[in-house]
Amino acid sequence: PASAGGMTLLSTTTLSGASTTITTDFTGYPSAYITIREIDLSGNDGVGIKINNSAITTYMAGVYQVGGIPTTFAEDNGDLQFNNGANMSETQTDNAAFLVIDDPSNTTHWKPFRFSSIWGSSTPQTNALNGGGGFGTTSAITSIVLAPFTGGITFSGGTVKVYGVK
């Protein structure tokens, strides 16, 4: 149950297999805060986040830094890309991201979000992504799906924590 003020941990999930689905209820929470840490992949790949397990149009814009070179980006596709389509190294699990979604249980308006991530690639170098955007849906957010971009690549670990924020 939601309490006055603060963050409430709604779920902790370990990433495994070809994809991981997290089902949650954000009713009563004005915001959702999601952390993703220590993703371990079976091969070098990127990771996408889908809302409600569908190809809802996700509008993103922000700054993407690869090896110290910042670049702005803007996209609209079916998922929020944890690492903007770049490969994360299967040997580098020191990675992290957060995603904040405004009014996730609202059934009238689209859902704005902001995010930040950092990961190591196979080159090796450290990469960062910071930005925001919106999920083009008026449906309440009831599930979050994480999956590698490439078929045959699977999760070998990683932790996702989902919070409701008052």
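Please refer to the structure placed before this passage.
Residues numbered from 1 in each chain as written. Predicted model: local features only at pLDDT ≥ 70, side-chain atom pairs only at ≥ 80, totals over all residues. Heavy atoms only, no water.

Asks: Lay out the side chain of S116 with the relevant residues and their values.
Replies: Here S116 is to be found in strand β9 (residues 111–120). Reaching out from S116, the side chain makes a polar contact with the side chain of N130 at a distance of 2.4 Å. Each residue touching S116, except ones within four places of it in the same chain, is listed here: A96, A97, F98, L129 and N130. (Helix = DSSP H or I, 4+ residues; strand = E, 2+ residues; numbered from the N terminus. Polar contact = N/O pair within 3.5 Å; in protein donor to acceptor, adjacent residues only side chain to side chain. Contact = heavy atoms within 4.5 Å.)

Asks: Would you mind going over the sheet that holds strand β4 (residues 47–51) in detail, with residue names and values included?
Replies: Ordered by their spatial adjacency, four strands build an open sheet running β2-β11-β4-β7, and the pairing between neighbours is antiparallel. Sheet topology places β2 (20–23) and β7 (80–81) at the edges, where each strand pairs with a single neighbour. Both β4 and β7 contribute to a ladder of two bridges, which runs antiparallel. Paired with G48 across the strands is Q81, a residue of β7. (Pairing = 2+ DSSP bridges.)

Asks: Provide a residue-level description of the side chain of T35, including the pertinent values.
Replies: Its location among the elements puts T35 in strand β3 (residues 31–41). With a relative accessible area of 13%, T35 lands in the buried category. In this structure, T35 is in contact with A97, F98, T159, V160, K161 and Y163, ignoring residues within four places of it in sequence. (Buried < 20%, exposed > 50% of the residue type's maximum accessible area, 1.4 Å probe, protein only.)

Asks: Kindly report on the environment of V162, identifying the contributing residues and their values.
Replies: Tracing the backbone shows V162 in strand β12 (residues 155–165). Between the alpha carbons of V162 and T8 there is a distance of 8.5 Å; along the sequence they are 154 residues apart. When sequence neighbours within four positions are dropped, the list of residues in contact with V162 reads T8, L9, L10, S11, I22, T24, F26, Y33, I34 and I144.

Asks: Got a sec to walk through the nonpolar core? Specific residues and values, please.
Replies: Core analysis: the biggest nonpolar cluster contains 29 residues, and I36, I39, I101 and L146 have the highest contact counts within it. Of all the elements in the fold, those that place two or more residues in this core are β3, β4, β8 (96–102), β9, β10 (126–135), β11 (143–148) and β12. The contacts of I36, once residues within four sequence positions are left out, are I49, F82, N95, A96, A97, L146, T159 and V160. (Core = buried A, V, L, I, M, F, W, Y, C linked by side-chain atoms within 4.5 Å.)

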